[in-house]
Amino acid sequence: MHDSFRDEYLNSLELRRAFSAPPLTLGKWPTPLECINHPSLGRVLVKRDDLAGFGGESRSGVKARKLEGLFMHMQSNGLNTLRMPLGNITNLGPALMAEAGKLGIDVHLDLVNDPPLPKTTRQDIHSAYTDIAKLHGPSYISAAIRLWSSLLHDRLKSKRSICVPPSPAHPSAIIGMARGYLEMAQCAKEKFGGLPGAIYLASASGTSVAGLALGEALGRAAGDPPVRIIAVQVVPEPLRLWLPILFTWTQRYLRPARIPFPKCEVVAWPKHTIYGRFTKAHETICARVETDFGLIIDPIYGAKAWDVMEHSALNGQISSSRPPLFWHCGFTPTWRALAEELRV
Ligand SMILES: *Cc1c(COP(=O)(O)O)cnc(C)c1O
């Protein structure tokens, strides 16, 4: 990224420090920003984080961005142990273990049965680390209690550990994703003469979308026109309540730097909010998007965001002057193998 561009968005020393280079680059940056022609939406920009070369089948770009942020936080605070819950749909687990190992970070995963699957299937999914992590039940509340008690234990033994919500939802990971927004904004201006009007992405823990909203807030503060950030909720937990908590936490984390409060719209359609589950209709969207545009998305995340984006066009919500952008976060390589169990 050009320094002048960066400095426009990061207008204080604290912000520049928070956004400085991570200790380990996990993805190939910048990822391409492409433009496709959609029969009803017209021009659509696609941010190809699926080409970042990280995670399951090397197609999990947003996970790389989030982990870069978290590792930077851990390193600058001398933290060497990470505790985190992890569900059954994971594009993160094996890559996280490998990369943390390189930095000498000790990872403790608490394996939550979400979406619920038979034990043998779970053992397969988590085979890279079931020897060191135990399979637990479906409750994230129980996972949180287990993790907090481990954290207390660590404190008593003066162990330098950090405990984060799934995915990892932490301000440092949000900043990692906001770096991606700045990367996109620079490229969109240079290549397409301006910013998109709206950005659509699938949202589970809310971390990725919070990062885009943070980047957008920095852009607005620097004089950019507003960009609508649209979180397509793929979990039952209400992101509308959780995102303001993430934003407040991030604002506090960045202090004394002052940033505008990030803004985000949440779309929670019942057909999309059973986590990890999908229907034939979602699979049909995946097949069509692959045939028409050569983009490989999955029915657990990508197809749901794509569906909402296409419906926005029907409702006349897409501005004609500034194209929408589909943030291709990544891909769940296990979805076909699990289709029989996950389809509803
Ligand atoms: C992780 C991921 C997301 C976004 O997840 P958040 O937990 O909300 O950050 C979206 N799509 C895919 C394919 C993913 O793997």
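Conventions adopted
Residues numbered from 1 in each chain as written. Predicted model: local features only at pLDDT ≥ 70, side-chain atom pairs only at ≥ 80, totals over all residues. Heavy atoms only, no water. Helix = DSSP H or I, 4+ residues; strand = E, 2+ residues; numbered from the N terminus. Rg over C-alpha atoms; globule rule 2.2 N^0.38 Å. Buried < 20%, exposed > 50% of the residue type's maximum accessible area, 1.4 Å probe, protein only. Contact = heavy atoms within 4.5 Å. Areas by Shrake-Rupley, 256 points an atom, 1.4 Å probe, with all protein chains shown as cover. Core = buried A, V, L, I, M, F, W, Y, C linked by side-chain atoms within 4.5 Å. Pairing = 2+ DSSP bridges. Axes fitted to C-alpha atoms, helices over the stretch in contact; angles between N-to-C directions. Salt bridge = Lys/Arg side-chain N within 4 Å of Asp/Glu carboxyl O. Near = heavy atom within 4 Å. Polar contact = N/O pair within 3.5 Å; in protein donor to acceptor, adjacent residues only side chain to side chain. Phe/Tyr/Trp six-rings, centres within 6.5 Å; stacked < 30°, edge-to-face > 60°. Lys NZ or Arg CZ within 6 Å of the ring centre and 35° of its normal.

## What to know about the overall build of the protein chain
Within the protein chain one finds twelve helices and nine strands. Relative to its length of 344 residues, the protein chain is compact, with a C-alpha radius of gyration of 19 Å against a globular reference of 20 Å. With the C-alpha coordinates aligned to their principal axes, the bounding extent of the protein chain is approximately 55 × 50 × 35 Å. The 344 residues of the protein chain split such that 56% are buried. For the protein chain, contacts bridging at least 24 residues in sequence account for 77% of all contacts bridging at least 6. Just so you have it, the protein chain exposes about 14400 Å², and 55% of that area is on carbon and sulfur atoms.

## A short note on the nonpolar core
Soluble globular proteins tend to bury their nonpolar side chains together. Counting residues in hydrophobic clusters, the biggest one holds 41 residues, and the most contacted among them are F19, Y181, I199 and W327. Elements supplying a minimum of two residues to this core: α1 (3-9), α7 (171-192), β6 (198-203), α8 (207-221), β7 (228-233), α9 (239-254) and β9 (324-328). In terms of residues, this core owes the most to one element, α7, which gives nine residues. Setting aside chain neighbours within four positions, we find Y181 in contact with I199, L212, G215, E216, V227, I229 and W327. With 36 residues, the next largest nonpolar core counts I230, F278, W306 and V308 among its residues.

## Some details on the sheet that holds strand β3 (residues 81-86)
Overall, parallel pairing links the three strands, which are arranged β4-β3-β5 in an open sheet. Lying at the two open borders of the sheet, with one neighbouring strand each, are β4 (106-111) and β5 (161-163). The average angle at which neighbouring strand axes cross in this sheet is 20 degrees, direction not considered. Of the pairings in the sheet, the one linking β3 to β4 comprises six bridges and is parallel in character. Looking at the pairing, M84 lines up with L109 of β4. The strands that helix α4 (residues 93-102) touches are β3 and β4; relative to β4, the one it contacts most, it runs at about 160 degrees.

## What about the pattern of salt bridges?
Under the definition given, this model contains 17 salt bridges. Here E340 makes a salt bridge to R343, at a shortest N to O gap of 3.4 Å. Residues joined by salt bridges that share partners form a network here, namely K47, D49, R65 and E183.

## Observations concerning the site of the ligand
Residues in close proximity to the ligand total 17 residues, the closest being K63, K66, N91, S205 and S208. Here an oxygen atom of the ligand and a side-chain polar atom of K66 are 2.7 Å apart. A distance of 3.0 Å is found between an oxygen atom of the ligand and a side-chain nitrogen or oxygen belonging to S167. For the ligand, whose accessible area on its own is 380 Å², the fraction buried by protein is 99%. Breaking the shell around the ligand down by element, the ones donating at least two residues are α3 (61-76), β6 and α8. Ranked by residue count, the leading element in the shell around the ligand is α3, at three residues.

## A look at the packing of aromatic side chains
Following the criterion strictly, the structure yields five aromatic pairs and no others. Ring plane angle 90 degrees and centroid distance 5.5 Å describe the contact between F278 and W335, whose orientation is recorded as edge-to-face. In this pair, F278 sits in the loop between β8 (265-267) and α10 (280-293) while W335 sits in helix α12 (residues 335-342), placing the two residues 57 residues apart along the sequence. Ring geometry for F293 versus W306: centroids 5.7 Å apart, planes at 40 degrees, classification tilted. Note that F293 is positioned in helix α10 and W306 in helix α11 (residues 302-314), a separation of 13 residues in sequence. Note on W306: relative accessible area 0%, which makes it buried. Ring pairs connect the aromatic residues F293, W306 and F326, which therefore count as one cluster. Residue placement shows K63 over the ring face of Y301; its charged tip is 5.7 Å from the ring centre. A cation over an aromatic ring shows up here: R65 above the ring of W29, its NZ or CZ 4.0 Å from the ring centre.

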